[in-house]
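# Observations on chain architecture
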Amino acid sequence: MIGQTFLHGGDYNPEQWDEDTWLEDMRLAKLANVNTMTVGIFSWSMLELKEGEYNFGWLDRIFELLNENGMKAVLATPSAAQPRWMSEKYPEVLRTDYNRVRQEHKVRVNYCLTSPIYRQKCAEMTRLLAERYGKNPALVMWHVSNEYHGDCHCELCQEAFRGWVKERYKTLDNLNEKWGTAFWSHYYSDWSEIRSPQPWPAGEWSMFSLGVAWKRFNSELTVDFFLNEANVIREITPDILVTSNIHTWDFNWRVLTEVVDIVSYDSYPRFEANEGDCFRGLNASFKYDYMRGLKRKPFILMENNPSSPPGTKLRRPGYHITKAMQAVSAGSDSFMYFQWRNGKTSNEMFHGAVVNHDGRSDTRAFQEVSKVGKILEDIQDVCGAPIEAEVALIYDEENHWGIEFATSARWDERSYDNQVRDHYRPFWNRGIAVDVIPSVNDFAPYKVLVAPVLYMLLPGVAERITEFVKNGGTFVTTFWSGYVDDDNYAITGGAPGYMSKVLGIRSEELDACENAIEFNGKSWNTLHFADIIHSEGAEVISTFKNEFYAGSPALTCNSYGSGKAYYMCAAHDENFMNEFYGGLIKDAGVRALYDRPLPKGVTCRERGGKLFVMNFAPVSHEVTLPSGEMIVVGAGQTKII
Ligand code: GAL
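A short tour of the structure in this document, coming up. The numbers attached to residues start from 1 for each chain and follow its sequence in the written order. Local features in this predicted model are restricted to residues whose pLDDT is 70 or higher, and side-chain atom pairs enter the listing and the counts only when it is 80 or higher, whereas totals over whole chains, interfaces and linings include all residues. Only heavy atoms go into the side-chain values, all of them from the structure, while hydrogens and water stay out.

## Points about the sheet that holds strand E8 (residues 245-246)
Whether two strands pair comes down to DSSP finding at least two bridges between them. By definition, any uninterrupted DSSP run of H or I lasting at least four residues is a helix, any uninterrupted run of E lasting at least two residues is a strand, and each is numbered from the N terminus. Taking strand neighbours across the sheet as the criterion, the three strands line up as E8-E9-E10 in an open arrangement whose pairing is parallel. Either end of the sheet is taken by a strand with one partner, and the two such strands are E8 and strand E10 (300-303). Sheet topology places E8 next to strand E9 (residues 264-266); two bridges connect them, and they run parallel. If you follow Ile246 over to E9, its bridge partner there is Tyr265. In this fold helix H10 (residues 278-295) packs onto E8, E9 and E10, with an angle of close to 160° to the strand it touches most, E9. The criterion used for residue contact is that any of the two residues' heavy atoms lie within 4.5 Å. Working convention: axes come from line fits to C-alpha atoms, limited for helices to the stretch in contact. Angles between N-to-C directions cover 0 to 180 degrees.

## Examining the packing of helix H6 (residues 155-169) against helix H8 (residues 208-236)
Where H6 meets H8, the closest approach of the two axes is 10 Å, and the angle between their N-to-C directions is 105°. With respect to H8, the element H6 is oriented roughly perpendicular. Of the residues in H8, those in contact with Cys157, Ala160, Phe161, Trp164 and Arg168 of H6 are Leu210, Ala213, Trp214, Arg216, Phe217 and Glu220. Of the residues in the contact of H6 with H8, the class split is eight nonpolar, no polar and three charged. Roughly parallel refers to an angle under 35 degrees, roughly antiparallel to one over 145, roughly perpendicular to one between 65 and 115, and oblique to any angle outside these ranges. Basically, the charged four are Asp, Glu, Lys and Arg, the nonpolar ten are Ala, Val, Leu, Ile, Met, Phe, Trp, Tyr, Cys and Pro, and anything else, Gly included, counts as polar.

## Some remarks on the pattern of salt bridges
When a carboxyl oxygen of Asp or Glu lies within 4 Å of a side-chain nitrogen of Lys or Arg, that pair is called a salt bridge. Under the criterion given, the structure shown has 38 salt bridges. Where Arg61 meets Glu68, a salt bridge forms, and the shortest distance between an N and an O atom there is 4.0 Å. Burial here depends on accessible area, computed with a 1.4 Å probe over protein chains only, as a share of the maximum for the residue type. Under 20% is buried, over 50% is exposed, and the range in between is partly exposed. For Glu68, a relative accessible area of 56% puts it in the exposed group. Here Arg216 ties to Glu398 by a salt bridge, and the two come within 2.8 Å at their closest N and O atoms. Placement of Arg216 in helix H8 and of Glu398 in helix H13 (residues 397-405) is noted, with a sequence separation of 182 residues between them. Here Arg216 and Glu398 have matching classes, each one buried. Shared partners join several salt bridges into a network, and the residues in it are Arg168, Lys178, Asp485, Asp486 and Asp487.

## Quick look at the pairing of strand E23 (residues 602-607)
Among the six residues that make up E23, five are buried, leaving the element largely enclosed by the rest of the structure. Count of turn residues in the E23/strand E24 (residues 610-615) antiparallel hairpin: two residues, of which Gly608 carries a positive phi of about 55°.

## Quick notes on helix H12 (residues 364-378)
An α-helical turn contains 3.6 residues, so a residue and the one three or four places further along point in the same direction. What a helix should span is 1.5 Å times the count of its residues minus one. The first and last C-alpha atoms of H12 sit 21 Å apart over 15 residues, in line with the 21 Å expected at 1.5 Å per residue. Among all positions in H12, only Ala365, Phe366, Glu368, Val369, Ser370, Val372, Gly373, Ile375 and Leu376 are buried. Next to the buried residues of H12 lie strand E1 (7-11), helix H1 (19-31), helix H11 (319-329), strand E11 (334-337) and strand E27 (638-640).

## Quick look at the site of the ligand
Taken together, Phe42, Arg108, Asn146, Glu147, His247, Asp266, Tyr268, Glu303, Phe338, Glu348 and His351 form the complete shell of residues around the ligand. At 2.4 Å from an oxygen atom of the ligand is found a side-chain nitrogen or oxygen belonging to Glu147. Pairs of N or O atoms are called polar contacts if they sit within 3.5 Å, as long as, within protein, a hydrogen donor faces a hydrogen acceptor (for residues adjacent in sequence, only side-chain-to-side-chain pairs). Between the ligand and the protein, one listed contact pairs an oxygen atom with a side-chain N or O atom of Glu303 at 2.8 Å. Here the open area of atoms and residues is found with the Shrake-Rupley method and a 1.4 Å probe, where only the protein chains shown may cover a residue. In isolation the ligand exposes 310 Å². Once the protein is present, 90% of that is buried. The residue inventory of the shell around the ligand, partitioned by class, reads three nonpolar, three polar and five charged. The criterion for a residue being near a molecule or strand is simple. One of its heavy atoms has to lie within 4 Å of it.

The values are spatial; any link to function lies outside them.
Encoded structure:
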């Protein structure tokens, strides 16, 4: 079913309701054109009321009802929230914060990722679920845990970290060298002295290499935690896809996506919060393109908000359908909600839901959900269709961490995230699909590779970029690139480090300053940064006009092998980026439906033989289709052609 029929439905918590409500849910689900329910995410204490006292009856009945009503189940393992009895009996399952204080049983995602008892309990519960429901015809996919995030600083995790560090660095001498411990007398004389970093002023925050190592360790520890359950599932139900839903960003998702069968993502763009803020539309597309880019395959949109909570700015009519079509046209094979029905109490009782506390089907939210379900049925051919982007943009979590640690450059609102989106926007404005990828992914499928602010060069990346250009690719990078290696260790010899040869330049100083340049016969003001560089073979396309470095290169292009490598010394506004990338897209032969930007806030995407034209702006826009026909796309609306 996955990749053939769009999944439409969402998180369902029948354990909070009685059988009459379940029957009503089945009736309503059909009216809403919903075909899938995700069950079990936080259900552990309802499945095992006390240690060893199981209660699967309610879930058995839900599976029965789903089958009777022709619906499918995404079944979650409940490890995102351990039951209270477990925290009481085995306190080691609770998380310890960076102050080394063990937390009380609370909220959710409050478990230790290392605890052997927790892992054992998770594997046992997973086995029970897989044995009981593995052959159930309703089961369509496994949803392991929920939205991994955070870290635990208990002694078990510290010990695991020491083991990870030993494995990576082999000798203390090597570790001391790579972490630069001669600085401020931070030398390690024994492995046992290694401990997790802490924010200022509690503990160690000044060692950038330790900071990156801790984040990297936690990403890998999470993968290991995932596999503890996924391995059991794969042993019992080898044919059912296994995923785990991605949400927060302080994580190296690449390592998780290597072990899931299909990427899934929870998306909460609040287009309604600031009507007319087209950035939110662009940002949501960016994230979908990342989810697809991670594996260069369609993904599952596992959660999104079907309506706005009371007392917040309400989603305007039309935006819900546009949000759905945006995800689907970017490669999602589903459109799933959090949540199906509003809970009666606690933290998410007023969260958006398909069925509100009034229980009605004639609400605006319910009607829009139902329309989405109908549209998904009508465009079934699009499901599973690949998107073969010719452009890739590197967004690297590890690079992100490196930049965050660097105490020198003035980041704030000019953050890495914003720089990356500035380079993504010219493609979005023209409806060109971009695979957003980590730097370790293959570059071969692409004609254009963009890597804004590639501060940290992971092993082999510069070599692969060089190969990509040599073989005819077009590469673009910017200021503040090629400074450190994967340990956050300075690349000596100067920036842009191992990319100097392919770029044919050398950077000397990086100024935080506005300036101006000439490009394509026009004058442009630059933003935020000005990199003072020297050409070492690259053609100088533009020079800076002001300051003591007036006349020094501001934009260069190096011909290398049969390709080209551009270096942009400054940040630029949208108009310049449209102009620069407009020329580059043509020059590199990238397939584009439009040779100029669409009206502000409008984007389009092609998938499965259909064209989706979406308007995220608060006003209607006229759009000329590639066929020459003129259409009007209303505020927050989509046309599918
Ligand atoms: C998600 C989470 C859901 C629900 C939702 C509310 O991040 O997975 O369980 O809490 O947020 O927006």
